[in-house]
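# Structure at a glance
Each chain, written out:
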There are 2 protein chains.
Amino acid sequence: MIYFDHNASTPVRPEAAAAMGSALAELHANPSSSHRDGQRARVAIEHAREQVAALVHVRADEVVFTSGGTEGDHAALIGAAWAAEPRGRRVAFSAIEHHAVHGAAEVLARTGFAASHLGVGREGLVDPAAVAALPPDTTVVAVMLANNETGVIQPLAAIAAAAAARGMRVVCDAVQAAGKIPIRRDDLGADFLVISGHKLGGPKGAGALIVRRGAPLAALFRGSAHERGRRGGTENVPGIVGLGIAAELAAREVAGENARLLALRERFEALLRASVPGVVVHGAGAPRLPNTVNASFPSARSDHLLLALDSRGLAASAGAACASGGVEPSPVLRAMGVPRELAICAVRFSLGRTTTADEVERAAVIVADAVRLVRSTQGAVT
Amino acid sequence: MIYFDHNASTPVRPEAAAAMGSALAELHANPSSSHRDGQRARVAIEHAREQVAALVHVRADEVVFTSGGTEGDHAALIGAAWAAEPRGRRVAFSAIEHHAVHGAAEVLARTGFAASHLGVGREGLVDPAAVAALPPDTTVVAVMLANNETGVIQPLAAIAAAAAARGMRVVCDAVQAAGKIPIRRDDLGADFLVISGHKLGGPKGAGALIVRRGAPLAALFRGSAHERGRRGGTENVPGIVGLGIAAELAAREVAGENARLLALRERFEALLRASVPGVVVHGAGAPRLPNTVNASFPSARSDHLLLALDSRGLAASAGAACASGGVEPSPVLRAMGVPRELAICAVRFSLGRTTTADEVERAAVIVADAVRLVRSTQGAVT
């Protein structure tokens with residue numbers, strides 16, 4: 001199987017898996033326990049906290065461990081909005097945010113908060129000027145760093161500056177960007193940064209919310225003083241250990257991997273353009289993650305195409321993995337103004353650490369073959 | 001080290017750790033992905049769902065995977081209260097609930113919900129009649145199955161019957177009970193049952209919320225259709241696999257382990273009573289988990305005692321691990337009417353699968369020795 005679905009989930013680094021195995025065997029105690037067994041687990045967590053902090057260049061005490069990206073998005077958007085409640089009851093987020101941000105806004109709506117949306121242009125970019133035009137009761141703005149479907153990278157520093165000028169806090173879902181491009185939190189200007197382990201070589205079930213010192217956050221999970229009162233619950237020690245190792249490896253390798261993947265991605269796109277008539281690459285005019293290609297193959301519906309790819313040994317995705325199974329066009333592509341008939345023919349290919357040059361060559365042949373098949377059996381798509 | 005702190009966290013079953021190792025290595029895809037790699041991860045999750053369902057005798061589709069007990073308590077209490085909002089804006093819970101339930105009620109308070117408390121008697125038991133006396137706008141009642149500090153087992157069926165008679169939904173935190181005593185959800189009558197992996201031989205970071213069919217629940221994490229819309233977020237595949245194996249082993253072994261631990265616990269208590277003057281076992285007159293002893297050693301403050309125990313190779317806890325480090329008396333013991341001077345001398349010993357008869361003998365000697373030391377160096381405690 002050629003796995004071109006690293007944005008959905010990327011394999012756990014063997015070094016991280018090995019460390020998790022040791023943690024599962026040896027760190028049996030609760031890190032909140034005061035005895036020596038408990039303190040050994042505590043030390044492991046604090047080491048991982050430093051590893052995650054180094055990935056995005058923040059202080060260790062700004063790292064709060066979570067169960068992943070969805071919890072991070074909820075904890076950040078809801079927690080920041082609740083903490084800012086005296087100043088207003090409105091949040092804003094881009095139309096291309098991950099489902100989890102839309103979901104968190106739904107939860108907020110139940111507690112009386114309104115939401116405004118920031119549209120994107122044809123290349124999938126948020127206009128920082130739109131932030132300046134948000135309603136005055138907006139207290140929190142959420143804009144992702146890189147889109148999960150297209151890989152388009154947002155001008156976050158400009159967006160954050162526009163938000164800061166109006167006293168708004170910025171939540172940045174960096175789930176797809178972390179580990180794929182270098183990140184310095186202070187350069188982005190975000191108050192809250194959301195990271196997920198399984199997108200960067202760590203395990204599913206572990207993530208981090210980076211909380212800028214002094215940025216008010218009302219905890220979503222409460223109880224004892226876990227994570228300095230910012231996230232209740234016994235820490236996922238093995239998951240956190242794995243996330244830490246993966247973060248350290250990613251920090252060390254991101255520059256080299258970035259260049260390697262970009263070359264592979266460009267070769268893949270060139271092969272697709274040469275072998276598949278009519279292919280359209282979305283967001284091609286914007287800065288993009290080096291590993292992501294979102295391409296439409298007109299007259300080859302993506303659900304049929306994915307089946308044909310899968311049967312030929314190529315794993316890819318139609319938009320977000322979370323939405324798999326549906327034939328609805330991706331809201332991200334619709335927000336970019338992609339016509340419905342093109343949007344329902346979009347496939348996301350996301351390369352990763354295990355991807356080889358040979359796989360790229362073979363995958364391009366498989367795609368061309370599958371598109372031909374689907375087009376011939378399907379006729380016109382409406 | 002003799003580890004008598006299994007209620008804080010118990011070692012991961014080697015079979016569970018091995019299965020997690022395989023999952024980390026092989027199930028790299030996202031279970032929401034439609035391709036074959038994704039479907040392999042999906043199959044593993046659904047197998048674990050059946051294993052967890054069997055532990056508490058429910059249908060697999062009633063099992064929702066979470067990140068652990070704290071998330072479970074929050075998702076259940078908040079989700080049930082929000083879903084019942086048209087009928088009232090009040091929840092009730094016992095005074096001895098885990099911090100996470102108190103924390104979830106704090107979150108609810110932010111969204112306009114009031115809370116009522118159910119007291120406990122001297123043995124730590126909730127009176128089912130108190131449920132009948134709750135204010136009429138109460139929609140959800142939370143009572144744990146077994147207390148984490150004392151091991152006292154609540155008369156849940158009677159409590160649930162009283163709640164049902166008034167149309168209230170019942171949330172039952174079964175975190176400490178699951179795996180230690182046999183549980184049939186339908187015998188308990190709870191609408192929502194909360195389970196945590198690391199209390200029953202599974203990993204930290206994985207748990208389950210059992211949602212009775214037809215019991216309304218507003219999801220706390222939203223996004224895509226994960227867990228049938230009841231919990232957004234990519235599933236923690238290795239953690240869920242480990243939880244499933246641990247649940248299956250626990251279901252198979254609980255009856256035998258129950259008898260074995262009860263004999264060890266009774267021997268330990270007998271040794272303490274024989275060798276430590278003035279020892280008081282809390283909740284001794286109530287049904288208790290077979291593995292838990294919460295005992296006060298008058299004139300030996302628990303923080304000093306725990307240090308002495310730790311230095312002699314015995315890991316135990318003062319009340320909840322989550323509250324370690326503080327010298328405040330346990331709210332659980334205070335709710336039971338234990339005087340402050342006795343409550344600050346309480347230590348929880350919790351036995352587990354790895355506990356041997358020899359450890360019990362040695363631990364009793366260590367405790368007697370440590371109590372003598374602390375009493376002699378400390379004098380009267382106020």
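Residue indices begin from 1 for each chain and proceed along its sequence in written order. Going through the entries in the order they are written, you letter the chains from A and number the ligands from 1. Confidence filtering applies because this is a predicted model: local features only for residues at pLDDT of at least 70, side-chain atom pairs given and counted only at 80 or more, and all residues used for totals across whole chains, interfaces and linings. Excluded from the side-chain calculation are hydrogens and water; included are all heavy atoms of the structure.

### Focus on the side chain of glutamate 359 of chain A
Residues and elements named next belong to chain A.
- By secondary structure assignment, the location of glutamate 359 is in helix α12 (residues 357–378).
- Residue exposure (1.4 Å probe, protein chains only): buried if accessible area is under 20% of the type maximum, exposed if over 50%, otherwise partly exposed. Positive charges are assigned to Lys and Arg, negative charges to Asp and Glu, while His and the chain termini are left out of the count. A pair is scored as a salt bridge if a Lys or Arg side-chain nitrogen falls within 4 Å of a carboxyl oxygen belonging to Asp or Glu. Comment: no salt bridge for buried glutamate 359; closest opposite-charge side chain is arginine 362, at 5.3 Å.
- Residue contacts are defined here by distance: any two heavy atoms, one from each residue, within 4.5 Å place the two residues in contact. If we ignore the near neighbours within four places in the chain, the residues touching glutamate 359 are Ile2, Phe4 and Thr354. The way it works is that DSSP assigns letters per residue, a run of H or I at least four long becomes a helix, a run of E at least two long becomes a strand, and they are numbered from the N terminus.

### A short note on the relation of the copies chain B and chain A
- With an RMSD of 0.0 Å, chain B superimposes on chain A once it is rotated by 180° and translated 0.0 Å along the axis. The two molecules are tied by a two-fold rotation axis, judged by turn and shift. Closest approach to the rotation axis among the C-alpha atoms of chain B is made by threonine 111 of chain B, whose C-alpha sits 2.8 Å away.
- Both copies present the same face, since 100% of the interface residues in chain B are matched by interface residues at the equivalent positions in chain A. To superpose the copies, least squares is applied to the C-alpha atoms of every residue with a pLDDT of at least 70 in both.

### With respect to the pairing of strand β2 (residues 63–66) of chain B
Residue and element names in this part refer to chain B.
- Residues Val63 and Phe65 of β2 are buried on one face, and the alternating residues Val64 and Thr66, pointing to the opposite face, are buried as well.
- Across four bridges, the pairing between β2 and strand β8 (residues 207–211) is antiparallel. Bridge assignment links valine 64 to a residue of β8, and that residue is leucine 209. DSSP bridges decide pairing: two strands pair if at least two such bridges lie between them.

### Let's talk about unusual backbone geometry
Residue and element names in this part refer to chain B.
- With a phi close to 50°, glutamate 227 is a non-glycine residue in the positive phi region.
- Mapped onto the secondary structure, glutamate 227 falls in helix α8 (residues 226–229).
- Even without being a glycine, arginine 228 presents a positive backbone phi close to 50°.

### Quick notes on the sheet that holds strand β7 (residues 192–196) of chain A
Residue and element names in this part refer to chain A.
- One open sheet holds the seven strands; their spatial order is β2-β8-β7-β6-β5-β3-β4, and the pairing between them is mixed. Among the strands making up the open sheet, the edge pair consists of β2 (63–66) and β4 (114–118). Each adjacent strand pair in this sheet contributes to an overall mean axis angle of 20°, direction not counted.
- Running over the sheet, helix α3 (residues 69–83) touches β2, β3 (90–94), β5 (138–142), β6 (169–173), β7 and β8 (207–211) and is turned about 165° from β7.
- Geometry is summarised by axes, namely lines fitted to C-alpha atoms with helices restricted to the contacting stretch, and by angles between N-to-C directions that run from 0 to 180 degrees. The strands touched by helix α4 (residues 99–110) are β3, β4 and β5; relative to β3, the strand with the most contacts, the crossing angle is about 165°.

### Digging into the domain arrangement of chain A
Residue and element names in this part refer to chain A.
- Domain start and stop points were drawn from an automatic or database domain assignment. Entries for chain A in the domain assignment read domain 1 (2–6 + 254–377) and domain 2 (14–249).
- Distance from the C-alpha centre of domain 1 to the C-alpha centre of domain 2: 28 Å.
- On the side of domain 2, 25 residues touch domain 1, which itself brings 26 residues to the contact.
- Here's the idea: put two parts together, see how much 1.4 Å probe accessible area each one loses, and the total over both is what we call buried area. When domain 1 packs against domain 2, the two sides together hide about 2100 Å² of surface, and 61% of this comes from carbon and sulfur.
- Together, Leu289, Val332 and Met336 form the three largest contributors to the area buried by domain 1 at its contact with domain 2, with a combined 29%.
- Where domain 1 meets domain 2, there are zero salt bridges.
- Any N or O atom pair separated by 3.5 Å or less is treated as a polar contact, with the protein-specific requirement of one donor-capable and one acceptor-capable atom, and with residues adjacent in sequence counted only for side-chain atom pairs. Seen at the junction of domain 1 and domain 2, the total is nine residue pairs in polar contact (both at pLDDT 80 or more).
- Only α8 (237–275), β10 (292–296) and α10 (331–335) provide two or more residues apiece to the side of domain 1 that touches domain 2.
- For the side of domain 1 that touches domain 2, the element with the most residues is α10, which contributes three residues.

### A look at the interface of chain B and chain A
- Contacts between the two partners involve 64 residues from chain B, matched on the other side by 64 residues from chain A.
- Together, the buried faces of chain B and chain A total about 5000 Å²; carbon and sulfur atoms form 59% of this surface.
- Taken as a group, Arg110, Lys204 and Arg222 of chain B account for 15% of the area that chain B buries against chain A, more than any other trio of residues on that side.
- The interface formed by chain B and chain A includes six salt bridges.

### So, the confidence of the model for chain A
- Per-residue confidence from the prediction method is given by pLDDT, with values spanning 0 to 100. Per-residue confidence for chain A gives a mean pLDDT of 95, with 96% of residues at or over 70.
- Our summary of model confidence lists the complex with pTM equal to 0.96 and ipTM equal to 0.95.

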